[in-house]
Amino acid sequence: MGSSPGTGRSKRAHFLRAALPCLALTALGSAPVAAQSLTPDLFNPNRGGFASPDTLPTRRTAGVPQAPSDSLPALPDPSADPRKARETPATSRIGQVPTYGLPAAGGASSSGYDSLNRKRQQPKLYPGQPKPKRAAGPGSKAPPATPERTLTPPRIASPPSETAHKVPVPPAMAGNVPGQPLRRRLRADEDPFGAVGDYAGSFLIKGGLELSAGYDTNPTRLNKPVGSPAYVIAPDLLVVSDWERHALVADLRGSFSGYTSDMPATINGLASPSPVEANRPDFNGHVDGRLDVTRDFKLLSQLRLRLATDNPGSPNVQAGLQKYPVYAAYGTTIGFDQTFNRFQVSAGATVDRTAYTDSKLTDGTTFPNRDRDFNQYGGVGRFSYDLKPGLKPFVEIEGDTRVHDQPADRNGYFRDSNGGYAKVGSSFEFSRILTGEISVGYSARNYTDPRLSQLAGFLTTGSLIWNASGLTTVKFFTDTQINETTIPGSSGVLVRTYAAEVDHDFRRWLTAVGKFTYGTYDYQNQGRNDKTYSLEGNLIYKLNRNIWVKGTLRHDILDSNVASASSQGTVVLVGVRLQN
């Protein structure tokens, strides 16, 4: 049985489709053929080997970090034979450590977590270099965009002239030198027009000089006033140590009141009770030292000097004087200060001397004042307890002996004496608004002459400062003293002084000062009582730290129960103060 006609026709069709292309190739075989030459690029098995590496679309650009050299295909060697490369067996990667773009970590870094708990290596710093700050941990504030300022407090915003051209500042002054210690911040200046002073080693020195001129309606405080133009020269010097331990302070203040007109030598045919020349010097200075032996034990010392004359209008002033005799009161105190927790004990020994110059009379003769010269030896003790912050009560006891150079004075009285005082009080400080110290006590003095009775009385001492506001300050002072006298039959004079002062700043450069002083002079066994009143006003215009202009108006009143002993006087002065 033969095949179907359809099947034979299909086979012949496949044969013809295969034979026709062979015949076409045989017909073209007689034409010349151009073959392609062999090059190493044709046999490069890497992708992109048929193109130049510079023109590859996958070439590396400048923004892509450099990878290891084995990540790029090596360029073929033109002199190499590709047939030899095919004969070399391929290297297997089995068992070899693969190489990637970044090497594996070789150990712990200088910062961060170390699983082996090894000690972190600290950087070495040269002497004086500031230590680097630790990195901020989680939850810390973000560091400031600008570095912190060490010389001035941080500013809220930069001023408009921050970018303006400025004179360059040396790095040492700006505090930008690496390792430079921070400069010590200066204390807040309470008085913008106060004296700055100069440093001499470790001492701060401030000096000043006041020159004033004006008129005094009654320089010698006569019952019938006699006026004279007046001038005042008042220097002062303050030296303070700047030490971490120990202390030394010298405070020296003086003045000289001069008058161009002389007072009358006689009044109603009698010798005048005041001197002809009314010039009067006045100096008050002291030098205080403290030696810190331990934190709780200190050695204290003081040197003091006072130069002055008797007050105008005083009964101690002789009649017929050419000028006031000057006296000098100088001495020293040596003591200690011991602290036992809150309990404090202070004690010291005192030695003082008072000496007068001879009196020059209008007739050209002199009168000695040696009977008024005396030495005083004594001691003082103070016991205080720090009850609470700002309140420190105390008890103070003092005793002394006065020995005169001459046993009897000009009137035949023996004025050697023993005396002292005892007082209780407290020092306090309430929020810096009210500060000071106040005390009350009793004082007594007994004389060797039986004709002189005991001199005793109630005493008050205190010094209070009340800062009523930022522009107003109120001060109060009180003191009680027992002074010697030359009045026959009188044991001495008990002097009490009370003073109140108000300072007000209208501007930082304009200050007004008002002062009122009240005093009593009680002459024992004589029945004489003098009262003094003084009302003073000052207006200070501060040009700068070195020059002040000052005006003074003062009115003094002496009210005595003795006839023809009362007096009044008014002083007007305008001057300038030079200070540094």
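This section reports on the structure supplied with the text. From a predicted model like this one, the values you see are computed outputs, not experimental measurements.

1. Thoughts on the overall build of the protein chain
Stage number 1. Tallying secondary structure elements over the protein chain gives three helices and 23 strands in all.
Stage number 2. When the 580 residues of the protein chain are sorted by exposure, 27% land in the buried category.
Stage number 3. Partitioning the intrachain contacts of the protein chain with sequence separation of at least 6 by distance along the chain shows that 56% fall at a separation of at least 24.

2. What about the pairing of strand S17 (residues 455–466)?
Stage number 1. Pairing between strand S16 (residues 434–447) and S17: 12 bridges, direction antiparallel. Note on S17: the bridge partner recorded for Tyr 442 is Phe 458.
Stage number 2. Here S17 runs beside strand S18 (residues 472–483); their pairing, made up of five bridges, is antiparallel. Bridge assignment links Ile 465 to a residue of S18, and that residue is Lys 475.
Stage number 3. Linking two consecutive strands that pair antiparallel, namely S17 and S18, is a turn of five residues.

3. A closer look at the environment of His 404
Stage number 1. Residue placement: His 404 occurs in strand S14 (residues 391–404).
Stage number 2. Taking the relative accessible area as the measure of exposure, His 404 reaches 9% and is therefore buried.
Stage number 3. In sequence terms His 404 and Arg 415 are 11 residues apart; their C-alpha atoms lie 7.2 Å from each other.
Stage number 4. Sequence-distant contacts of His 404, that is, excluding residues within four places in its chain, are made with Asp 371, Asp 373, Phe 374, Arg 415, Asp 416 and Glu 484.

4. Here we look at a nonpolar patch on the surface
Stage number 1. A cluster of nonpolar residues, Leu 209, Leu 211, Tyr 231, Ile 233, Phe 256, Trp 509, Tyr 541, Leu 543, Ile 547, Val 549 and Leu 578, forms a patch on the protein surface that exposes about 850 Å² of accessible area.
Stage number 2. Of all the elements in the fold, those that place two or more residues in the nonpolar patch are strand S2 (203–216), strand S3 (228–241) and strand S22 (547–560).
Stage number 3. By secondary structure assignment, the location of Ile 233 is in strand S3.
Stage number 4. For Ile 233, a relative accessible area of 37% translates into the label partly exposed.

5. Things to note about the side chain of Ser 567
Stage number 1. Inspection of the secondary structure assignment puts Ser 567 in strand S23 (residues 567–579).
Stage number 2. At 3.4 Å, the side chain of Ser 567 and the backbone oxygen of Arg 221 are in polar contact.
Stage number 3. With near-sequence residues (within four places) excluded, Ser 567 lies in contact with Asn 218, Arg 221, Leu 222, Asn 223, Asp 556, Ile 557 and Leu 558.

6. Thoughts on the packing of aromatic side chains
Stage number 1. With the rule as written, the count across this model stands at eight aromatic pairs.
Stage number 2. Summarising the aromatic geometry, the rings of Phe 203 and Trp 243 are spaced 5.3 Å apart at their centres and angled 75° between planes, so their arrangement reads as edge-to-face. Here Phe 203 is found in strand S2, whereas its partner Trp 243 is found in the loop between S3 and strand S4 (247–259), with 40 residues between them in sequence.
Stage number 3. Since its relative accessible area comes to 23%, Phe 203 is described here as partly exposed.
Stage number 4. Between Tyr 327 and Tyr 356, the ring centres sit 5.2 Å apart and the planes meet at 40°, which makes this aromatic pair tilted. In this pair, Tyr 327 sits in strand S9 (residues 327–340) while Tyr 356 sits in strand S10 (residues 343–356), placing the two residues 29 residues apart along the sequence.

7. Looking at unusual backbone geometry
Stage number 1. A positive phi angle is found at Asn 268, which is not glycine, with a value near 60°.
Stage number 2. Turning to its location among the elements, Asn 268 is positioned in the loop between strand S5 (266–267) and strand S6 (270–271).
Stage number 3. With a phi close to 65°, Asn 525 is a non-glycine residue in the positive phi region.
Stage number 4. With respect to the helices and strands, Asn 525 occurs in the loop between strand S20 (510–523) and strand S21 (528–542).

8. Quick word on the nonpolar core
Stage number 1. By size, the foremost hydrophobic cluster in this structure holds six residues: Tyr 413, Tyr 447, Leu 452, Leu 455, Ile 482 and Leu 494.
Stage number 2. Other than its neighbours up to four places away in sequence, Ile 482 contacts Arg 402, Ser 443, Arg 445, Leu 455, Val 493 and Leu 494.

9. Digging into the pattern of salt bridges
Stage number 1. Inspection of the entire model under this criterion finds 23 salt bridges.
Stage number 2. A salt bridge links Arg 451 to Asp 449; the nearest nitrogen and oxygen atoms lie 2.8 Å apart.
Stage number 3. Overall, Arg 451 belongs to the partly exposed group, its relative accessible area being 47%.
Stage number 4. The shortest N-O distance in the salt bridge between Arg 528 and Asp 530 comes to 3.1 Å.
Stage number 5. A network of salt bridges, in which partner residues are shared, links Glu 210, Asp 236, Lys 550 and Arg 577.

What counts and how
Residues numbered from 1 in each chain as written. Predicted model: local features only at pLDDT ≥ 70, side-chain atom pairs only at ≥ 80, totals over all residues. Heavy atoms only, no water. Helix = DSSP H or I, 4+ residues; strand = E, 2+ residues; numbered from the N terminus. Buried < 20%, exposed > 50% of the residue type's maximum accessible area, 1.4 Å probe, protein only. Contact = heavy atoms within 4.5 Å. Pairing = 2+ DSSP bridges. Patch = residues over 30% accessible without salt bridge, like charges linked within 9 Å, V, L, I, M, F, W, Y side chains within 5 Å. Areas by Shrake-Rupley, 256 points an atom, 1.4 Å probe, with all protein chains shown as cover. Salt bridge = Lys/Arg side-chain N within 4 Å of Asp/Glu carboxyl O. Polar contact = N/O pair within 3.5 Å; in protein donor to acceptor, adjacent residues only side chain to side chain. Phe/Tyr/Trp six-rings, centres within 6.5 Å; stacked < 30°, edge-to-face > 60°. Core = buried A, V, L, I, M, F, W, Y, C linked by side-chain atoms within 4.5 Å.

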